[in-house]
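The residues making up each chain are set out below.
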Amino acid sequence: QVQLVESGGGLVQAGGSLRLSCAASGVTFSFYVLGWYRQAPGKERELVATISRGGTPNYADSVKGRFTISRDTAKNTVGLQMNSLRPEDTAVYYCNIRRPTTDTTYWGQGTQVTVSS
């Protein structure tokens, strides 16, 4: 049974930092592309960042230079370091893993990030 468990969300003032972490179990982590998505109230879920199996990151323009995605295959975790947070970063953040060869996808339950102005 595959499980993705996120942690690290919370309330922070604008300009502050948070680190999200997602721990996966029941999968061979190295087979998967890892990512973080977010969904703000009344908006569509959007891509924040992904990291390939080889460790190449990809970021949405809105977070480039502020967020850093990382993966630890030995620990089956994916992290998202978020710096210089803005009120518009407020959303529920979801961990996502996708196996490119089969397009199998799993989602975490989401963690709330709230940035106050």
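Residues numbered from 1 in each chain as written. Predicted model: local features only at pLDDT ≥ 70, side-chain atom pairs only at ≥ 80, totals over all residues. Heavy atoms only, no water.

Student: Explain the state of the cysteines here, please?
Tutor: Such a bond, covalent and formed between the sulfur atoms of two cysteines, is termed a disulfide. Enumeration according to the criterion identifies 1 disulfide in this entry. The disulfide partner of cysteine 22 is cysteine 95, and the gap between their sulfur atoms is 2.2 Å. Taking the torsion about the S-S bond as the criterion, the cysteine 22 to cysteine 95 disulfide, at about -80 degrees, is left-handed. On the criterion of sequence distance, the pair formed by cysteine 22 in strand β3 (residues 18-25) and cysteine 95 in strand β9 (residues 91-99) is long-range, its members being 73 residues apart. The exposure classification of cysteine 22 matches that of cysteine 95, with both residues buried. (Disulfide = S-S within 2.5 Å. Helix = DSSP H or I, 4+ residues; strand = E, 2+ residues; numbered from the N terminus. Buried < 20%, exposed > 50% of the residue type's maximum accessible area, 1.4 Å probe, protein only.)

Student: Before we go on, may I ask you to explain the packing of aromatic side chains in this structure?
Tutor: For any pair of aromatic rings, geometry is given as the distance between the ring centres together with the angle between the planes. Enumeration over the complete set of coordinates arrives at 3 aromatic pairs. Between the aromatic rings of tyrosine 37 and tryptophan 107, the centroid separation amounts to 5.1 Å while the plane-to-plane angle is 65 degrees, which identifies the pairing as edge-to-face. In this pair, tyrosine 37 is assigned in strand β4 (residues 33-39) and tryptophan 107 in strand β10 (residues 104-107), connecting sequence segments 70 residues apart. Relative to tryptophan 107, the ring of tyrosine 94 lies with its centre 6.4 Å away and its plane at 85 degrees, an arrangement referred to as edge-to-face. With tyrosine 94 in strand β9 and tryptophan 107 in strand β10, the pair connects residues that are 13 residues apart, well separated along the chain. Judged by its relative accessible area of 38%, tryptophan 107 falls in the partly exposed class. Grouped by ring-pair contacts, the aromatic residues Tyr37, Tyr94 and Trp107 constitute a single cluster. Between the NZ or CZ atom of arginine 45 and the centre of the ring of tyrosine 94, over which it lies, the distance is 3.7 Å. Seen from the ring of tryptophan 107, arginine 45 lies directly overhead, with NZ or CZ sitting 4.6 Å from the centre. (Phe/Tyr/Trp six-rings, centres within 6.5 Å; stacked < 30°, edge-to-face > 60°. Lys NZ or Arg CZ within 6 Å of the ring centre and 35° of its normal.)

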